[in-house]
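The primary structure of each chain is shown beneath.
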Amino acid sequence: MKTLYLDAFSGISGDMFLGTMLDLGLDFNKLESELRKLKIDGYKLSCKQNDKSSIYGTNFDVQVNGGKDKGFIEHKHNHSHHNARHLNDILKLIDNSSLKESVKNNSKNIFTEIAKAESTVHHMSLTDVHFHEVGAVDSIIDIVGCCIALDLMDIDNIISSPLSDGSGFIQVAHGQMPVPVPAVAQMRVGTDIPIKQRLDIKTELVTPTGMGIVKTLVNEFGPLPEQIKPLKIGYGFGKRDTGGFNALRGILFEKKKLSQKVIKDTKDKITLIEANLDDQTGEGLGYVMQKLMNAGAYDVFFTPIQMKKDRPATKITVLGNISDQLLLIKIILKETSTIGVRYQHWHRVVMQRRFEKVTTDYGEIKIKIATYGNVEKKIPEYIDCAQIAHRKNISFINVYQSAIIAAQHLN
Ligand SMILES: O=C([S-])c1cc(C(=O)S)c[n+]([C@@H]2O[C@H](COP(=O)(O)O)[C@@H](O)[C@H]2O)c1
Ligand code: NI
């Protein structure tokens, strides 16, 4: 599983997000064939690589039969909405498709988030919020496409920089709208999503679709984490003329397992998250443990406990990086029966670690060298020893001991 960092120095829209994903290696044909599961037609996708300021990126576009008509429209101002799709029609369309459950859920959550904002801004009930026919297709493709892209690219964590938005006004079908546009401003209410307003850019950089994606899927805001090894960087171009480099930059990276990291600091802080579970099966517990470990938890463990109402139960404890806290909590809430979790931040003292290889009679083995002041430990990597023992059909202990002997000669 991978993490995507969004560098939203020029805002974010649905097209920019999909352009970025395609630039990062998303297979265009696979995206198209997944979107066909929605059973809607009358649109064509285009994806083209070109350069802006000599930087190559991807332009993604949805061309809908009947031209351009983006966004939600207000019930009050439109009396000919027989072709409109209400929120519920769109949610049903997604539900009735053969898309993956996680893609369906993410897509529905984004749509609902945007529709809630539109309903507040335009003083309509949520059920009255609707899209004009053309705008609906465009938004469905953008939003569901983004969720398909995340699934196809194996991304389960999104971190974002603060979003930049422009200022001034934009012209839409119903007149002028101030920037940030009302739906974007509304989605920010009650959240701490950071938006930096660029007074030098007099147009919209963050669209309602872009904000809906961010509000629903981003787990954390801040600078690009320092200790990462980027796998790929991509640019998705925006359509508006901002007078600057209008793109969304995506940086893809894989989380390193703690045991593989070169640890330089001997003191840090970690999060400890817990919940008491009195109605969870053993199968479910094993499943959530795998999910949490794959998401980068340092450790997950279960303790048998006796709970209120005479119930034997299980306490789940998760240790992890504080920057992953929200992601780990979301997994516990999604995959277990609990309706709440508790957490605390713990100080921790760790030994500095580095790795070296030794050659033994059985083959090369990695040695973890852990130091703290003048304390030093040299520990053979379990997985290397186990693989050699399996491959050569010899005892694990023999391989392990040969690695310890070879490690004594390391400086
Ligand atoms: O049509 C309506 S009601 C509309 C509302 C709003 C509000 O903020 S309220 C914004 N817009 C603009 O439409 C385009 C399309 O946005 P997408 O997110 O669908 O790409 C964009 O410029 C919005 O600001 C329309
Ligand atoms: Ni609106």
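Residues numbered from 1 in each chain as written. Chains lettered and ligands numbered in written order. Predicted model: local features only at pLDDT ≥ 70, side-chain atom pairs only at ≥ 80, totals over all residues. Heavy atoms only, no water.

Under an unreviewed UniProt entry, the name given to the protein is Pyridinium-3,5-bisthiocarboxylic acid mononucleotide nickel insertion protein, and the source organism is Apilactobacillus micheneri. Here is the UniProt Catalytic activity (unreviewed entry) comment for the protein, exactly as written: "Ni(II)-pyridinium-3,5-bisthiocarboxylate mononucleotide = pyridinium-3,5-bisthiocarboxylate mononucleotide + Ni(2+)". (UniProt positions renumbered as here; feature names shortened; annotations may be inferred.)

Draft legend 1. Quick peek at a nonpolar patch on the surface. Taken together, the side chains of V349, Y372 and V375 define a hydrophobic patch exposed on the protein surface, amounting to about 270 Å² of accessible area. Relative to the helices and strands, V349 resides in strand β18 (residues 342-349). A relative accessible area of 55% means that V349 is categorised as exposed. (Patch = residues over 30% accessible without salt bridge, like charges linked within 9 Å, V, L, I, M, F, W, Y side chains within 5 Å. Areas by Shrake-Rupley, 256 points an atom, 1.4 Å probe, with all protein chains shown as cover. Salt bridge = Lys/Arg side-chain N within 4 Å of Asp/Glu carboxyl O. Helix = DSSP H or I, 4+ residues; strand = E, 2+ residues; numbered from the N terminus. Buried < 20%, exposed > 50% of the residue type's maximum accessible area, 1.4 Å probe, protein only.)

Draft legend 2. A look at helix α10 (residues 382-392). Every buried residue of α10 is listed here: D384, C385, A386, I388 and A389. N393, located one to two residues past α10, shows a positive phi value of around 55 degrees.

Draft legend 3. Looking closely at the pattern of salt bridges. Inspection of every chain in the model, using the stated rule, returns 16 salt bridges. As a salt-bridge pair, K378 and E376 come within 3.8 Å of each other at their nearest N and O atoms. You can call K378 partly exposed: its relative accessible area is 25%. The class for E376 is partly exposed, based on a relative accessible area of 42%. Taken together, the shared-partner salt bridges in this structure form one network comprising E274, K315 and R342.

Draft legend 4. Representation of the sheet that holds strand β19 (residues 352-360). Spatially, 3 strands are ordered β19-β20-β21 in an open sheet, and the strand pairing comes out antiparallel. Because the sheet does not close on itself, it has two edges, and the strands there are β19 and β21 (375-380). Looking at each pair of strands side by side, their axes are set apart by 25 degrees on average, direction ignored. By the bridge criterion, 9 bridges tie β19 to strand β20 (residues 363-372) in an arrangement that is antiparallel. Residue pairing for β20: R354 is matched across the bridge by I369. The sheet contacts of α10 involve β20 and β21, and relative to β20 the element is tilted by about 160 degrees. Most of the contacts of helix α11 (residues 396-407) go to β19, to which it runs at about 105 degrees, and overall it touches β19, β20 and β21. (Pairing = 2+ DSSP bridges. Axes fitted to C-alpha atoms, helices over the stretch in contact; angles between N-to-C directions. Contact = heavy atoms within 4.5 Å.)

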